[in-house]
Each structure stands twice: as structure tokens, then as C-alpha cells.
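# Fold and geometry: a report
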Amino acid sequence: MTDYDINPYIWFANRELDFLPKHFTLASTPLTMESKQWVLDNLQGRFAIVQTGQVFLVPFYLGDIAFEDPKDATFYELKWS
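Residues numbered from 1 in each chain as written. Predicted model: local features only at pLDDT ≥ 70, side-chain atom pairs only at ≥ 80, totals over all residues. Heavy atoms only, no water.

## Focus on the overall build of the protein
If you tally the helices and strands in the protein, you get three helices and four strands. The helix and strand sequence of the protein, counted from the amino end, reads α-β-β-α-β-β-α. When contacts within the protein are restricted to residue pairs at least 6 apart in sequence, those whose partners lie at least 24 apart make up 71%. (Helix = DSSP H or I, 4+ residues; strand = E, 2+ residues; numbered from the N terminus. Contact = heavy atoms within 4.5 Å.)

See the structure below:
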């Protein structure tokens, strides 16, 4: 039997927002499916996915990501840029 440590903040919180609040920090590195899964697994803050450009020829491009906590944006940039 395996014991799991469930974080209620991640389980019950709506982390992915449908809009971009003014105080969010926009990352300069584009979001991919792999980097989105990394965000869900490794970060705890809220984030928003926004479409800032018209990229139709790149199928793995999901948009740009913005974070509520600037520390999360820094971790994301260090990992994916």
C-alpha cells in the first residue's frame, strides 16, 4: 500500500484561469504540452494561458503563460528557456 500526500490547495483550487489579471507576470517562453504538465506537477500557484500571437503552423504551441507569483515565472523561465 502506498501513502500519498495530497495537497488540498492543488486538489481543490482552480489554478488555471480563463483570463489574464493585471498583476500576473507574463513569461517570455512559449507554452508547450510538456511545459504545461511540468507547471501542473511542480508549481503551486495560479496561472493563465493567453494567446498573444498568431502562430498557426506550430502544432505544439499552446500560447503564452502568465503566473500570479513572480517566483513561479522565474522557475518556469529557468527550466524552459
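## Some points on the pairing of strand S3 (residues 47–50)
Direction of pairing for strand S1 (residues 16–17) relative to S3: parallel, over a ladder of two bridges. Residue pairing for S3: Leu17 is matched across the bridge by Ala48. Here four bridges tie S3 to strand S4 (residues 64–67), and the two strands are oriented antiparallel to one another. Bridging from a neighbouring strand, Ile49 pairs with Ile65 of S4. (Pairing = 2+ DSSP bridges.)

## Thoughts on the packing of aromatic side chains
Tallied over the full model, the rule gives two aromatic pairs. Ring centres of Phe67 and Tyr76 lie 5.5 Å apart, and the angle between their planes is 50°; this geometry places the pair in the tilted category. Stacked on the ring of Trp80, the Lys or Arg Lys79 has its end atom at 5.6 Å from the ring centre. (Phe/Tyr/Trp six-rings, centres within 6.5 Å; stacked < 30°, edge-to-face > 60°. Lys NZ or Arg CZ within 6 Å of the ring centre and 35° of its normal.)

## Some points on the nonpolar core
One finds Ala27, Leu31, Trp38, Val39, Leu43, Phe47, Ile65, Phe67, Ala73 and Tyr76 forming the largest nonpolar core, which totals ten residues. Of all the secondary-structure elements, those providing two or more residues to this core are helix H2 (33–42), S4 and helix H3 (70–80). The contact partners of Ala73, leaving out residues within four places of it in the chain, are Thr25 and Phe67. (Core = buried A, V, L, I, M, F, W, Y, C linked by side-chain atoms within 4.5 Å. Buried < 20%, exposed > 50% of the residue type's maximum accessible area, 1.4 Å probe, protein only.)

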